[in-house]
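Listed below, chain by chain, are the residues.
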Amino acid sequence: MRKRVQQELQNILQKEIVLEKPKEKKFGHFATPIAFTLAKELRRSPMQIADELAKNFAKLSIFEKVEPLKGYVNFKLSEDFLDEYATWALRNEPEFGTDKQGEKILLEFVSANPTGPLHIGHARGAVIGEALSRIGKHLGNEIVKEYYINDAGNQIYLLGLSIYLSACEILGKEVEWPDEYYRGEYIKELARKALELFGEEIVEHKQIDRLSDWGKDEMMELIRSNLAEVGIEFDSFVSEKELYQKWDEVLAILREHGAIYEKDGKLWLRSCEYGDEKDRVVVREDGRPTYLAGDIIYHYTKFQRGFDRYINIWGADHHGYIARVKAAIKFLGYDPDKLEIILAQMVSLLKGGEPYKMSKRAGNFILMSEVVEEIGADALKFMFLSKKSDTHLEFDVDMLKKEDSSNPVYYINYAHARINSVMQKAGKSLEDVVDVPLKGLNEEAKDLLFSALLLPEVIEDAFFKRELQRVTDYLKALAAQLHSFYNKHKVIGTENEDKYLKLLLVVALSIRVGLRLLGIEAKYRM
RNA sequence: GUCCCGGUAGCUCAGCAGGAUAGAGCAUCGGAUUCCUAAUCCGAAGGUCGUGGGUUCGAAUCCCGCCCGGGACACCA
């Protein structure tokens, strides 16, 4: 809608016009402060300019009213325009809010180490990534969801050792747990399973590598099922281990581009040259590549696949990595600006008001699956999506458990279910009302209609800014408006019945599509 | 010490590519149900937008300093 209006205005003025939402509803649907900008150029008063502009714009048929006020120009859309759009939307639900942005995007997220189940911190990135992907696709982009599996290195070995130690314990041996070992119920379960599968020889012969390898696969399966529980699936999984086959190739390119030097028997990346605070070791003295090496190869292969844009959702504790990875990309001859990092800030947990320390090692972390079981996947998703990804999020597990009707996802679903219920009571279907002209509506109805039709610009804005809370905020506000309307205006049996039913269907449409883009299915009955 | 994120109502947070009187939810208080789902609605109260400067017609929003909170600063992944 906004685009269409903007286009029409710009056709007249031949100038970029900023459209905003008026502070107050009575001012109209859109407003522009353009007169203030022009005032400077033309050296005339904004009021005068606004006056003239308004007269000019008023010719457009999409407007019912164009009014200058204190230098602003306020626009009110015509009923015909809104009705036409509403009818189209109702008939073309799959198209509603779509666009043709056409970027090829590689979206990497979660990428949690396969050394344990997903915890609540991982869930945040997972939920954000999924919603971003859905919205991006809706807007006409091609998006590949990818998971980078850190299946190489020390932590996988530690996983094997931890399983081994736990198995020893099960067999009644006295063991001591070093701090860095993984603990937790899942390790015990793995140990039990391993003993069943491989027998006690696995302990007697101390077959750590075998345990590591097997345990890693088990954990990957567990992670996949954790994700499936909240409706998230990946298009592609990339194994760090397999990437190392290309290390020689990548190293050669880096060398060729003068990115590498040797010092103290190690190979260093000149990441300083491109904005990092110091150079980084990529190969240790003993010849083993560092973690960064894996990430360099990974991004090399990403860029080789030729996407327009690469988005990584990382935990905020990785922010130090941005500079060095971007430097590496530059050295490899690619454009680091194509890589965009979204940082998902820490999730801190309270339990009964007390800080709840998350630590995988100690095993007292809150599992994503636990929380899903407590409050449901929808509530969890909505909570994460309601907050900007780069703000610290603190919530009390107990509060979340208690949350029921005060949970916004219920509130929104209730609005959707309510509309469905009214339709049923009225005994009418979409076909019965979709062509009824929405004319002569009262103020509340017009406002509601306008709000419901705003979804497309909300999701576009949300995707552009990578701020998904704009969608949740919108849905909350739309639901509130619906509830308010519902309480004030009777639908069934009035002369407005068909008009109102059509209006309500538009609201339901927006709620349903909006929720779906967040990975939540709207409820038809509650 | 350096870097990142945050500081807006009692609490959790929106608003920030500058714009009209700073918003919502929860909590508090007061109302609404013979009527389409009260899982709802209506109303009240609640604010030095951390702080000090600067930029300008205009700053919660942009710039600089400072204060407070959280996090990151590996040849771990």
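In this text the structure is predicted, and so the values were computed from the model without any measurement.

Along the backbone of chain A there are 22 helices and 14 strands. When its C-alpha atoms are laid out on the principal axes, chain A stretches across 85 × 55 × 40 Å. The contacts in chain A between residues at least 6 apart in sequence include a share of 72% that link residues at least 24 apart. Considering chain A, the positive charge centre built from 75 side chains and the negative charge centre built from 86 side chains are found 5 Å apart.

Right, let's talk about the protein's contact with RNA strand B for a bit. RNA strand B sits among 55 residues. The nearest are Tyr72, Lys266, Arg284, Tyr414 and Arg418. The separation between a base nitrogen of RNA strand B and a polar side-chain atom of Asn74 is 3.0 Å. Val491 places a main-chain nitrogen or oxygen 3.1 Å from a base nitrogen of RNA strand B. Listing elements by their share of the surface near RNA strand B, those giving two or more residues are β3 (72-77), α6 (154-170), α17 (408-426) and α21 (469-488). Residues of the surface near RNA strand B, tallied by class, amount to 19 nonpolar, 18 polar and 18 charged.

For chain A, the assigned domains are domain 1 (2-77), domain 2 (109-234 + 345-401) and domain 3 (408-517). Each of domain 2 and domain 3 was reduced to a C-alpha centroid, and the two centroids are 39 Å apart. Taken together, the 16 residues of domain 2 in the interface contact 17 residues of domain 3. Summed over both sides, the interface of domain 2 with domain 3 buries roughly 1,500 Å², with 79% coming from carbon and sulfur.

With that out of the way, let us pick up the sheet that holds strand β9 (residues 280-283). Strand order in the open sheet formed by 3 strands is β7-β8-β9, and the pairing between neighbours is antiparallel. What marks the edges here is a single partner per strand, and that holds for β7 (260-263) and β9. Strand-to-strand twist of the sheet, defined as the mean angle between neighbouring strand axes without regard to direction, takes the value 45°. In this sheet, strand β8 (residues 266-269) lies alongside β7 in antiparallel orientation, the contact comprising 4 bridges. Paired with Ile260 across the bridge in β8 is Leu269. Contacts from helix α12 (residues 291-304) reach β8 and β9 within the one sheet, and its direction differs from that of β9 by about 80°.

A few words now on the environment of Tyr500. Mapped onto the fold, Tyr500 is located in helix α22 (residues 497-517). Owing to a relative accessible area of 3%, Tyr500 belongs among the buried residues under this scheme. Sequence separation between Tyr500 and Leu106 is 394 residues; the distance between their C-alpha atoms is 43 Å. Apart from the residues within four sequence positions on either side, Tyr500 is in contact with Leu441, Asn442, Ala445, Phe485, His489, Lys490 and Val491.

On to the side chain of Ser451, then. Within the secondary structure layout, Ser451 lies in helix α19 (residues 443-452). Look at Ser451 and you get buried, because its relative accessible area is 11%.

For Gly97, the position within the fold is in the loop between α4 (79-91) and β4 (104-108). Overall, the relative accessible area of 6% leaves Gly97 in the buried class. Sequence spacing of Gly97 and Leu251 is 154 residues, and the spatial spacing of their C-alpha atoms is 45 Å. Beyond its immediate sequence surroundings of up to four residues, Gly97 is in contact with His138, Leu139, Pro456 and Ile459.

What follows covers the confidence of the model for chain A. Per-residue confidence for chain A gives a mean pLDDT of 89; residues scoring 70 or more make up 94%. Across the interfaces of the predicted complex, the ipTM metric reaches 0.90, alongside a pTM of 0.92.

In this section: unusual backbone geometry. Glycine aside, a negative phi is what most residues show, and trans is what most peptide bonds show. Positive phi, normally seen in glycine, also occurs at Ser111, with a value near 45°. Residue position: Ser111 is located in the loop between β4 and α5 (120-138).

This part is about the pairing of β4. Extensive coverage of β4 is indicated by the burial of 4 of its 5 residues. The pairing of β4 with strand β10 (residues 309-315) spans 4 bridges and is parallel. Directly across from Leu107, in β10, lies its bridge partner Ile311.

One can describe the packing of helix α20 (residues 455-465) onto α21 by two numbers: an axis separation of 8 Å at closest approach and a directional angle of 155°. Overall, the two elements α20 and α21 adopt an arrangement that is roughly antiparallel. Contacts between α20 and α21 pair Leu455, Val458, Ile459, Asp461, Ala462 and Lys465 from the former with Arg470, Val471 and Tyr474 from the latter. Across the contact of α20 with α21, the residue classes tally to 6 nonpolar, no polar and 3 charged.

Once that is clear, we can look at helix α3 (residues 46-57). The end-to-end C-alpha distance of α3 is 16 Å, a good match for the 16 Å that 12 residues give at a rise of 1.5 Å each. If you check which residues of α3 are buried, you get Ile49, Ala50, Leu53, Ala54 and Phe57. Along the long axis of α3, the arc covered by the buried residues comes to 135°, so they all point the same way. Exposed side of α3, more than 90 degrees from the buried face: Met47 and Lys55 are the residues found there.

With that out of the way, let us pick up the packing of aromatic side chains. Each aromatic ring pair is characterised by the separation of its centres together with the angle its planes make. Going through the model one piece at a time under the given rule, you end up with 20 aromatic pairs. Aromatic pair Tyr148 and Tyr298: ring centres 4.2 Å apart, planes at 10°, arrangement stacked. Here the residue Tyr148 occupies a position in strand β5 (residues 142-149), and Tyr298 occupies one in helix α12, the gap between them amounting to 150 residues. Of the two residues, Tyr148 and Tyr298, both sit in the buried class.

Here Ala191 is to be found in helix α7 (residues 185-198). Judged by its relative accessible area of 0%, Ala191 falls in the buried class. If sequence neighbours within four positions are ignored, Ala191 has contacts with Ile163, Ser166, Ala167 and Ile170.

Reading guide: rules and limits
- Residues numbered from 1 in each chain as written.
- Chains lettered and ligands numbered in written order.
- Predicted model: local features only at pLDDT ≥ 70, side-chain atom pairs only at ≥ 80, totals over all residues.
- Heavy atoms only, no water.
- Helix = DSSP H or I, 4+ residues; strand = E, 2+ residues; numbered from the N terminus.
- Contact = heavy atoms within 4.5 Å.
- Lys, Arg positive; Asp, Glu negative; His and termini not counted.
- Charge placed at Lys NZ, Arg CZ, Asp CG, Glu CD.
- Near = heavy atom within 4 Å.
- Polar contact = N/O pair within 3.5 Å; in protein donor to acceptor, adjacent residues only side chain to side chain.
- Nonpolar A, V, L, I, M, F, W, Y, C, P; charged D, E, K, R; others polar.
- Domains from an automatic or database assignment.
- Buried area = accessible area lost by both parts, 1.4 Å probe.
- Pairing = 2+ DSSP bridges.
- Axes fitted to C-alpha atoms, helices over the stretch in contact; angles between N-to-C directions.
- Buried < 20%, exposed > 50% of the residue type's maximum accessible area, 1.4 Å probe, protein only.
- pLDDT = per-residue confidence, 0-100.
- Parallel < 35°, antiparallel > 145°, perpendicular 65-115°, else oblique.
- Expected span 1.5 Å × (residues − 1).
- Arc of directions from axis to C-beta.
- Phe/Tyr/Trp six-rings, centres within 6.5 Å; stacked < 30°, edge-to-face > 60°.

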